[in-house]
Amino acid sequence: MSMKKSCYLHLGFHKTATTSFQLTLQHNRALLEQDGIYLPKFHGKKQKFSANHSGQIRDIFDQKVQHLWDSSNRSKPSKDQKQQTIQNHCQSLTQLLHQDHHILISGEGISTMPEQSLIRLKTMLEQHGFLIEPFALVRSPYAFITSALQQTIKNGKYHPLIGLIPGQSTAANQAFKIPSVSKSISTIDRIFGEKMNYVPFKTATNYPGGPVLFLLQQVLQLKQADQYQLINANESKSNVSTRLKNFLNQQHPHADQGQLRSLFKTISLQSEQSKFLLTQQEFDQIESDFKQVKREMKRKLGKPFVEEKITFSSEFSTEETNQLLSQLSQKLYEFAIKG
C-alpha cells in the first residue's frame, strides 16, 4: 500500500524571504530527503540545480509547449534549444512525480501564472496521487509596496514615483499601478480554495529564528529543522542607494549587479543607513489606490494581514542631494578609471 504523498506548493509571495527559504532547502537537500521530502532537479544556470522553480514550472505549464508532453515526441530531441531545455524540465518533473515521497515545489512566480497553467499544474499533481498543500507568506500592503518598488529599481527599471531631488518627484498627476498581490490571491483562491494556507509575513518574522525557520518548523513540520544551516539572502538596499539607483535608471536602465552593486554599497556605507520608505509626499500620490488595495486584502484575508504602522522617509535637503550626486559622480569616475 503506498502512503499518501503530499506536494508542498510554496507560492511565495515576492519579498517574503522566499530566496532565503529556497537556498536553505537547496543547501540542506540531503537532510530534507531524510525527512521524506524531495525537491525537483531542474537545471538552472551553469547546470546547477535551481533553488527557485518559478521559471521551469511556468515554462512546463505554458499553453504553447503542451505538445512537448506528448509521449510520441518525448524520445525525439527538439532542434530548438529553448524547447530542448523545456523538454528536459518536463522529464525532471516526470521523475519527481513518480516518486513515492513527499515533494516540494517553490516559486514566487508560480502565483502569477495564467489561471489555465495553474489548473494544469494542480491536475497533474493530483493525477499522480499527490495531496496538494499550498502555502504563502503575505506582506502587509505598505510593506509590500516599498519592497516591490525597491526590487523594480534594483532590476534596472525607472519608477516615476520615487524622487531624489526635493519636491521633484516626476509622478505628479501620473497614473500608475501600485504593486499588489490581490489579483494573485483571487486566482489562487479559485483554484485551491480552503486548502490554501496564507500566513502574515509579520508572524513569520516575529518567530524565534525568523521566517525560514518558521516555514521549516511550522509549515513543513520538519523534525530536524534545528539542524538545517539557514541561508540568508536578504539584500535590502538603503534609502539612499535605492533613490540614487532610480535616478540612474531614468537615464540608463540597468540591473543592479557586478560593479554597479559594489558602487552602491560603497555609497550606502558613507551615508545614513535608513531603509527605503516612501516620503509623505510620494505616499499622498498613491493614497487612494493604497486604501483600495488594503480594503480588498482585508476582505480576502482578514484584519491581521493589513495591520501595520506606516512610516515615511524624510526628503533630502538640496544640500544633501548635491552631496549625494557629487559622491555618485566621483564613484562612477573611480570605477571608470579602474575599468
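Going by the structure above, here's the rest.
Summarised in this report is the structure supplied together with it. None of the values given here were measured: they were computed from a predicted structure.

1. What to know about the overall build of the protein
Part 1 of the reasoning: Secondary structure summary: the protein contains 14 helices and five strands in total.
Part 2 of the reasoning: Of all 339 residues assigned to the protein, the portion counted as buried reaches 49%.
Part 3 of the reasoning: Expressed as a percentage of contacts within the protein between residues at least 6 apart in sequence, the contacts between residues at least 24 apart total 77%.
Part 4 of the reasoning: About 17700 Å² of surface is accessible on the protein, with carbon and sulfur atoms providing 50% of the total.

2. Observations concerning the sheet that holds strand S1 (residues 5-10)
Part 1 of the reasoning: Sheet architecture is open: five strands sit in the order S2-S3-S1-S4-S5, paired in parallel fashion. Because the sheet does not close on itself, it has two edges, and the strands there are strand S2 (37-38) and strand S5 (197-200).
Part 2 of the reasoning: As defined by bridge partners, strand S4 (residues 130-138) adjoins S5 across four bridges and the pair is classed as parallel. By the bridge assignment, Phe-135 is partnered in S5 with Asn-197.
Part 3 of the reasoning: Strands in contact with helix H6 (residues 115-127) are S1, strand S3 (102-106) and S4; relative to S4, the strand with the most contacts, it is inclined by about 140°.
Part 4 of the reasoning: Lying on the sheet, helix H8 (residues 182-192) is in contact with S1, S4 and S5; it crosses S5 at an angle near 145°.

3. Section: helix H1 (residues 18-27)
Along an α-helix, residues three or four apart share an orientation, since each turn contains 3.6 residues.
Part 1 of the reasoning: Among the ten residues that make up H1, seven are buried, leaving the element largely enclosed by the rest of the structure.
Part 2 of the reasoning: When H1 is considered as a whole, its buried residues turn out to be Thr-18, Ser-20, Phe-21, Gln-22, Thr-24, Leu-25 and Gln-26.

What counts, and where the lines are drawn
Residues numbered from 1 in each chain as written. Predicted model: local features only at pLDDT ≥ 70, side-chain atom pairs only at ≥ 80, totals over all residues. Heavy atoms only, no water. Helix = DSSP H or I, 4+ residues; strand = E, 2+ residues; numbered from the N terminus. Buried < 20%, exposed > 50% of the residue type's maximum accessible area, 1.4 Å probe, protein only. Contact = heavy atoms within 4.5 Å. Areas by Shrake-Rupley, 256 points an atom, 1.4 Å probe, with all protein chains shown as cover. Pairing = 2+ DSSP bridges. Axes fitted to C-alpha atoms, helices over the stretch in contact; angles between N-to-C directions.

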